[in-house]
2 protein chains.
Amino acid sequence: MPIKTLNVNQHILNANDVLAENLRSRFDQSGVFVMNLMSSPGAGKTSVILRIIEALAGKFNIGVIEGDIASDVDAQKIQKTNVDVVQINTDGACHLDANMIRSAAETLGLDGKQFVIIENVGNLVCPAEFKLGENIKVMILSVAEGHDKPLKYPLMFTESDALIVNKTDLIPYTDFSLEELKATVQAMNPKINIFEISAKTGDGVSQLTGWIENKIVGK
Amino acid sequence: MPIKTLNVNQHILNANDVLAENLRSRFDQSGVFVMNLMSSPGAGKTSVILRIIEALAGKFNIGVIEGDIASDVDAQKIQKTNVDVVQINTDGACHLDANMIRSAAETLGLDGKQFVIIENVGNLVCPAEFKLGENIKVMILSVAEGHDKPLKYPLMFTESDALIVNKTDLIPYTDFSLEELKATVQAMNPKINIFEISAKTGDGVSQLTGWIENKIVGK
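Residues numbered from 1 in each chain as written. Chains lettered and ligands numbered in written order. Predicted model: local features only at pLDDT ≥ 70, side-chain atom pairs only at ≥ 80, totals over all residues.

Caption draft 1: Representation of the overall build of chain A within the structure. Broken down by element type, chain A carries eight helices and seven strands. Its C-alpha atoms give chain A a radius of gyration of 17 Å, near enough to 17 Å, the size a compact globule of 219 residues would have. If you line up chain A on its principal axes, its C-alpha atoms span 55 × 45 × 35 Å. For chain A, the proportion of its 219 residues judged to be buried stands at 47%. (Helix = DSSP H or I, 4+ residues; strand = E, 2+ residues; numbered from the N terminus. Rg over C-alpha atoms; globule rule 2.2 N^0.38 Å. Buried ≥ 20, exposed ≤ 12 C-beta atoms within 10 Å, placed from the backbone.)

So this is what it looks like as structure tokens:
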């Protein structure tokens, strides 16, 4: 008996694609640029968002949609920056979908916003399959996860516009090879932008936020 | 509109439970003890399995079932130890299910085996929902993921018989608090066994493998 994928997946994805397209039109009409940020648990999504807010909140009106299975610990961290934030609790679901974002965007309010960051549920697999009406998909891989992850979780690396390699401050204490990671990822996705940062120390953050700023302005 | 969970989930889970129960009987009849090992990507599942094999392969006939979305890099590492290994590629699915394990166990062959380790797909969410006919569920959290993960991904911490805190060699370079992690996890799951190890240096591994050995013998 061959290994098989549950075929309900495709029906769910088709319905999501339609909702995501509607959502994208709505974001465009409101003049909002939307980034879908994805990674494994603990790769540093919230820390990276805090760095982006620090760099760009003086230039743009930013909103954040936080996705978690449970809890609002991340939303609380964002709230301290005075940026508007809405928390989605998926109650078990391992990714955000367009329908969740539709309702979160209404609660957040798009009027006057120029940049909305969506922090997806920590998961290197399913979030890559669900479009959220975003303009760009950005993913984070932390140094501690290892440089072999693109081969094992290929879809997110193939779908993303940018890869943030986070926790570069840990490189001396691991056998992580940036060269090997880059070679693998660029072979899978030649157009991907790769940023090497440490959200902890701030190293490399300005290249990332500069790239995002150009994307927002150039929309 | 409230946030909702896709309700196909429950139907899939019910079907899986029936298959998992049959599978468990099959394992029992063959005298095989089965461990389902789960974690985020890069937390160290394969490295921990290699340490377990190192400690227990002289005492038991071990088999390994490797689950990955794609690739067989992990199975190749296991094969070098001369332990029987079967690779499942889920082709996109973010967790193993009982049906996949049924077919992998046939390919692996249960005759004469005493201990089968299942390495689940790297994902801190969905694998916790799918029973695989296992005797024990064990999860790994790596120090680099942060001590706040139990609140955000509660199900796996609640379902697991043991939590392996891996990469303790990185603690000096992070703000990870073992005390905070343990307090949170023990409040959620008072019966859980917690092992602090570094698969890299070997620290703490013997406590873990001793516990597993007792489980196999005491079955």
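Caption draft 2: Spotlight on the relation of the copies chain A and chain B. With an axial shift of 0.0 Å and an RMSD of 0.0 Å, the rotation relating chain A to chain B amounts to 180 degrees. Those values place the two copies in the arrangement expected of a two-fold rotation axis. Interface residue correspondence from chain A to chain B reaches 98%, placing this contact among same-surface, isologous pairings. (Least-squares fit on C-alpha atoms with pLDDT ≥ 70 in both. Contact = placed C-beta atoms within 7 Å.)

Caption draft 3: Region of interest: the interface of chain A and chain B. Residue-level contacts link 42 residues of chain A with 41 residues of chain B. Residues belonging to the side of chain A that touches chain B are distributed by class as follows: 23 nonpolar, twelve polar and seven charged. (Nonpolar A, V, L, I, M, F, W, Y, C, P; charged D, E, K, R; others polar.)

Caption draft 4: Geometry of unusual backbone geometry. Of note, A:Ser71 is a non-glycine position whose phi angle comes to about 80 degrees, a positive value. Residue B:Asn82 is not a glycine yet carries a positive backbone phi of 70 degrees. On the secondary structure map, B:Asn82 appears in the loop between α3 (73-79) and β3 (84-89). Overall, the presence of 10 C-beta atoms within 10 Å leaves B:Asn82 in the exposed class.

Caption draft 5: Focus on the pairing of strand β5 (residues 136-142) of chain B. Residue and element names in this part refer to chain B. With respect to burial, β5 is a largely interior element, six of its seven residues being buried. Alignment of strand β1 (residues 33-39) against β5, held across five bridges, turns out to be parallel. Bridge pairing in β5 places Met-35 opposite Ile-136. The sheet contact formed by β5 and strand β6 (residues 162-166) spans five bridges and is parallel. (Pairing = 2+ DSSP bridges.)

Caption draft 6: Seen up close, the sheet that holds β5(B). All names here are of chain B. Ordered in space as β3-β2-β4-β1-β5-β6-β7, the seven strands form an open sheet in which the pairing is parallel. Looking along the sheet, the strands with just one partner apiece sit at the ends: β3 and β7 (193-196). Shown here is a sheet whose adjacent strand axes are inclined to one another by a mean of 20 degrees, direction ignored. Note: strand β2 (residues 62-68) against strand β4 (residues 115-119), five bridges, orientation parallel. Across the sheet, Val-64 pairs through a bridge with Ile-117, a residue of β4. With respect to the sheet, helix α2 (residues 45-56) is in contact with β1, β2, β4, β5 and β6, its orientation differing from that of β4 by roughly 170 degrees. (Axes fitted to C-alpha atoms, helices over the stretch in contact; angles between N-to-C directions.)

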